[in-house]
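Each chain, letter by letter, is given below.
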Amino acid sequence: MSTIVTRIPPSPTGHFHIGTARAALFNYLFARHHGGRIVFRSEDTDRTRSKREYEDEIIEGLHWLGMEWDEFSRQSENAPRHRELLEKLVAEGKAYVSAEPAKDAPERTVEVVRLKNPGKAITFTDLVRGDITFDTTELGDFVIARSLGDPLYHFAVVVDDMDASVTHVIRGEDHISNTPRQILIQEALGAPRPAYAHIPLILDEKRAKLSKRSGATAVTDYRNEGFLPEALVNYLALLGWSPGDDREDFSLAELVATFSLEGVQKSGAAWSREKLLSVNQRWMRKLSDADFLTHLDVGRNSSYMPEERLAKTVPLLKERAQTFGEARDLLSGELACLFTAPTPSLDTLRAKEPADRPSLTKTALEGILAPLESLPDGVSVEAVKDTLMPLADAEETKGKGGRGAVLWPLRYALSGQERSPDPFTLITILGKGESRDRIRTALAILG
RNA sequence: GGCCCUAUCGUCUAAUGGCUAGGACAUCACCCUCUCACGGUGGUAAUCGGGGUUCGACUCCCCGUAGGGUCACCA
């Protein structure tokens, strides 16, 4: 039993697409699960469209997601080998050079290399779908190279897979119809046929193949938005694959242990940002507060000082944000009041004040001051709540306005917002001194 | 259009001849509650249609229908 070898063959002609990431992931999981080898191959035979910066982006993105490989190669570096085999096929009469009008400029004549098609039916076994049969006569003598020194994708792929001893080709469903012509080239070359597994495509909301116009399709976009690589990997794996039971929480290592081609779905899977967001939030919540802060990456931002106050807001961010981008938005929006003192308005402060007790707000806030002072610094939310909640409860027994008669002005005085975390949490994060200052500011406004 | 692939809640999926068709996301209701968020509980929601095979079909076969992919001197 020979070792399993899979490949990750991205084409550096564009950004690192999530479809590329998922195909790479399935190859990675399958090989690692079986203790096999992984070959990374940059498919850069199209010299005009391939760019080194795209290749760098793809490699970096793959590493970011946690994937590694055992062998690195570039298709372009294999050019001498391609030429050698192309010449061999021509010498053997299995391919021929044909002079014909150029596709883009018919007035000019060029020479292309065509494979002599035996014109037979090709049946191959797809590990996901079973036997698939094509009649290759309609392909004719198809072009396999622009010239003897310039092979086309189909030819280069077959040669490189053969030379790398690739045993399993796991790729998108859009390659199904390419398979018979690649098998024809293999047979002309006398190359062994690898096993094929075509995985379902990722579809957009409109159930069409995911493309640039479908929204964010580059892995880098998600990275910049503040998604965790663990979340993307987890979500991508579950898109078109299932462990067979109800488990949904998978790390890369757990996927390696569990993955099997048996669980691969046959039909296309629609991309769901909603679901990704929820998976990402789950992974964000698993982070320690320190790690969370590192990912948040606002360390040197002076508007979120002091540092320990920022650290204390992490639980709030974990509860509210689904990406680190959202977390940063929260800090500069809804939670900005934790770092910048508000300027409360008189009307809003008194909004919940019962008509028959016009000075309730003022006495309530004044009543908070003494117990607040009695608290030691750095206590838990629970301790703050235990100390201050009785004041609100006492007000509730008087029946006018309930706890809100105390808690509303308190929260508003502290945050300056009608929507905010609860006052006990605010006090815990702001600290005794800052809380007292803000309450006094509110009292001054009340006159 | 030719060829190929596919078809379970809105979405991702489980159930590989025998269950009230399960879970997750989303959604709705209720609870928690000063607001927001979190959390808790419960609900709505699916086997594309028609024929077979079988004691019995989500599951197997055929025909429709629908969706997707592919038809390059791109990869």
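Predicted model, so just to flag it, every value in this text is computed and none were measured.

S.K.: So what exactly am I meant to see when it comes to the overall build of chain A here?
M.R.: Each helix and strand counted, chain A has 18 helices and 13 strands in total. Principal-axis analysis of the C-alpha atoms gives chain A an extent of 100 × 50 × 35 Å. Looking at the 447 residues of chain A, the share that counts as buried comes to 49%. Of all intrachain contacts in chain A linking residues separated by at least 6 positions in sequence, the fraction that spans at least 24 positions is 72%. Working note: accessible area of chain A is about 20,800 Å², and carbon and sulfur atoms make up 49% of it. Across chain A, the 57 positively charged side chains and the 67 negatively charged ones have centroids separated by 2 Å.

S.K.: Explain helix α1 (residues 18–33) to me, please; I cannot follow it from the model alone.
M.R.: Since the α-helix advances by 3.6 residues per turn, residues separated by three or four positions end up pointing in the same direction. Compared with an ideal rise of 1.5 Å per residue, which puts 16 residues at 22 Å, α1 spans 22 Å between its outermost C-alpha atoms and is within 8% of the ideal. The buried fraction of α1 is high, at twelve of 16 residues. When α1 is considered as a whole, its buried residues turn out to be Ile18, Ala21, Arg22, Ala23, Ala24, Leu25, Phe26, Asn27, Tyr28, Leu29, Phe30 and Ala31. Backbone geometry just after α1 places Gly35 at a positive phi near 65°.

S.K.: Whenever I open this one, the sheet that holds strand β5 (residues 109–115) confuses me. Can you help?
M.R.: Whenever strands of a sheet pair, they do so through backbone hydrogen bonds, lying parallel or antiparallel. Taking strand neighbours across the sheet as the criterion, the four strands line up as β4-β5-β8-β9 in an open arrangement whose pairing is antiparallel. The sheet is open, and its two edges are formed by β4 (95–101) and β9 (150–151), each paired on a single side. Bridge count for strand β8 (residues 143–147) against β9 is two bridges, and the pairing is antiparallel. For Ser147, the partnering residue across the bridge sits in β9 and is Asp150. Lying over the sheet, helix α3 (residues 79–91) contacts β4, β5, β8 and β9, oriented at roughly 115° with respect to β8.

What counts, and where the lines are drawn
Residues numbered from 1 in each chain as written. Chains lettered and ligands numbered in written order. Predicted model: local features only at pLDDT ≥ 70, side-chain atom pairs only at ≥ 80, totals over all residues. Heavy atoms only, no water. Helix = DSSP H or I, 4+ residues; strand = E, 2+ residues; numbered from the N terminus. Buried < 20%, exposed > 50% of the residue type's maximum accessible area, 1.4 Å probe, protein only. Contact = heavy atoms within 4.5 Å. Areas by Shrake-Rupley, 256 points an atom, 1.4 Å probe, with all protein chains shown as cover. Lys, Arg positive; Asp, Glu negative; His and termini not counted. Charge placed at Lys NZ, Arg CZ, Asp CG, Glu CD. Expected span 1.5 Å × (residues − 1). Pairing = 2+ DSSP bridges. Axes fitted to C-alpha atoms, helices over the stretch in contact; angles between N-to-C directions.

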